[in-house]
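Each chain, written out:
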Amino acid sequence: MKILRLRFRSLSILCVLGTLTLVLFYLPPSYSPSQFLLSDPDIPLEKSLPIPDTEKGIQASTGPEENGLEKNEQVADPGIKDVSEPGSSPQKQPSPEQAAEPIPGDKTKQIAQPEVEHPLSNANEHDSYVQDYPDYTPPDFVEVLKDRPANAQSQKGMDKQDNKNKRPARLKVSKVSGEKLGSSSMNPEALRNRALSFPSNSSLRIFMAEQDRRLQHLKTECDGILPATGPVSSRGLAPPPGLTGIHNLLVDRTNNIAYCPIYKAASTSWTITLLEMGGYWKKDQRRKNKNLQAYVSQVFPKISNFAGPALTRSMIRFMVVRHPFERLLSCYRDKFEYAKKSFYYTRYGDKMVRTYRKFPEHITSSQLGMMQEQVRAKIRAGVPVNLPGNPFAEPVGPTFSEFVQYVINAKQDDEHWRSYFVHCSPCHMTYQFVLRFEDINREGREFIEYLNRTSQVEMHWENPTQGGSTKEFVCSYYSQLTKETIKKLVKKYEKDFKLFEYKPDRYLECARETHKSEEKLDYDVIED
């Protein structure tokens, strides 16, 4: 062991010496300080410029040892035209006192006295002729700092980037109950005291009591989940799975609200509601030509996972949950069924079909690749897919069974089917309100009343999925799954079922009606 330590120390010393040798070897050569003094406003100008001989003056064609110019090279003013004719005699040089004043018609320009202060010594940028002739400034000179690219293409790209990063302008927001938005009377403590002033049998107080019960249940379940996942440690290579979703929060610092948007659970509606409350969205106006996610990222910048709990400690934090299986079915019908969305088909859909669809045995792998590309090309072009004999077009897009199998085995979950435990980190950050999608109309109104924003915003629902959620309609999809598949699906969302008090019984009944011969499902994965 001692020999290994000595060898390790020797190797470390050799590494350090080798690094120092490389650093010294690759150091840039030394330069004269005078080459950089013009760009340093803290160094006096007298130290950075040679002092000319004021008694003899400076002739128009002197040697390089006197003014730094090549022999017979003249200093021409770029703004004055050369009007001298060939063969004419050189003009008489003016006295040093007249050197600072430009002489009309003179072919050369004189350098002013060194005691004259450099007019651009404190500027951020200098033109090239200022570096060559630091003491001369034309009388009609106007300094323009070049903080933009010279070519038009770079200018256009810079303007586009500025518009992208520019925060949208706020609209004129009316006062709520005579109070200014973001004032001390609108903070979470003041809002809770206001809500507690309502009668105990009022709908708002009943809503608050139900929220307290849900949060207590959430805390109890989290106490049993966190010891199994381990405490949060900054010494690990990556944060635990339950802490990686805090950056998904939308933080409204003006209204002291933090919202975790869960996709396919009224996330678009609540996002627009927050924009209205902040004054960035007009009522009854749908911005069809604007990418909502890009717009939201400008209004509510992302926060880090570790800074989220401390940053939102004094805010009202809420989330909206939905039955995991209903949300999964809504995601399939909106994004993948019949390949409605070309983006999701090319990103996930064709992989689902290629991996879990049964193809005829006589079709080779290369033929499958060609057939797959045929369907992809038509879906990208937005034209109907009419390819008889192509297994990727019968049907077009993944079936619900293929979609569910892909979700179960996916190594990286998309945000549309990611579990609530991972997406919103409810066990690492305390939420004051957990609304349910199944009763969102009533609970949404009560939550708006709690925030005292009833006169300012009005709940409206965006992106509704057509069809419904009746038992017969849901069973028409979940009856395609075997009980073993549903068992794996329940295991995947086990934490969500426990934390938010959902049960899969309704969906198990659908599978049981179709697959009566299979064994009974073990309910231990969801029992309290």
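An account of the accompanying structure is given in this report. Predicted model, so just to flag it, every value in this text is computed and none were measured.

The rules we used
- Residues numbered from 1 in each chain as written.
- Predicted model: local features only at pLDDT ≥ 70, side-chain atom pairs only at ≥ 80, totals over all residues.
- Heavy atoms only, no water.
- Helix = DSSP H or I, 4+ residues; strand = E, 2+ residues; numbered from the N terminus.
- Expected span 1.5 Å × (residues − 1).
- Buried < 20%, exposed > 50% of the residue type's maximum accessible area, 1.4 Å probe, protein only.
- Contact = heavy atoms within 4.5 Å.
- 1 Å grid on protein atoms, 1.4 Å probe; cavity = no way out; pocket = protein on both sides within 12 Å on 5 of 7 lines; lining within 4 Å.
- Points joined across faces, edges and corners; volume = space filled by probe spheres on them.
- Nonpolar A, V, L, I, M, F, W, Y, C, P; charged D, E, K, R; others polar.
- Pairing = 2+ DSSP bridges.

### Observations concerning helix 8 (residues 267–278)
Structural remark: α-helix, 3.6 residues per turn; residues separated by three or four positions point the same way. For helix 8, which comprises twelve residues, the first-to-last C-alpha distance of 17 Å matches the rise-based estimate of 16 Å (1.5 Å per residue) to within 8%. Among the twelve residues that make up helix 8, twelve are buried, leaving the element largely enclosed by the rest of the structure. If you check which residues of helix 8 are buried, you get S267, T268, S269, W270, T271, I272, T273, L274, L275, E276, M277 and G278. Here the buried face of helix 8 lies against strand 1 (250–252), strand 2 (257–260), helix 9 (292–299), strand 3 (316–321), strand 4 (433–436) and helix 16 (440–450). Once helix 8 ends, the next one or two residues include G279, with phi positive near 90°.

### So, the environment of M459
Mapped onto the secondary structure, M459 falls in the loop between helix 16 and helix 17 (471–478). Placed 15 residues apart in sequence, M459 and G444 show a C-alpha to C-alpha distance of 7.4 Å. Residues contacting M459, with those up to four places away along its chain left out, are W270, T273 and I448.

### Thoughts on empty space enclosed by the protein
For the structure shown, the criterion picks out five cavities of 30 Å³ or more. Computed from the structure, the second largest cavity encloses a volume of approximately 70 Å³. Contributing to the lining of the second largest cavity are R214, H217, L218, V321, V434, R436, L499, F500 and E501. Taken together, the elements giving at least two residues each to the lining of the second largest cavity come down to helix 7 (203–229) and strand 4. Broken down by element, the residue count for the lining of the second largest cavity peaks at three residues, all from helix 7. Its residues assigned to classes, the lining of the second largest cavity shows five nonpolar, one polar and three charged.

### Notes on the pairing of strand 3
In the case of a regular strand, side chains alternate between the two sheet surfaces. Of all six residues in strand 3, six are buried, a share of seventy percent or more. Of the two faces of strand 3, the one lined by I316, F318 and V320 and the one lined by R317, M319 and V321 are each fully buried. Where strand 2 lies against strand 3, four bridges are found, and the strand directions are parallel. Bridging across to strand 3, I257 finds its partner in I316. The pairing of strand 3 with strand 4 spans four bridges and is parallel.

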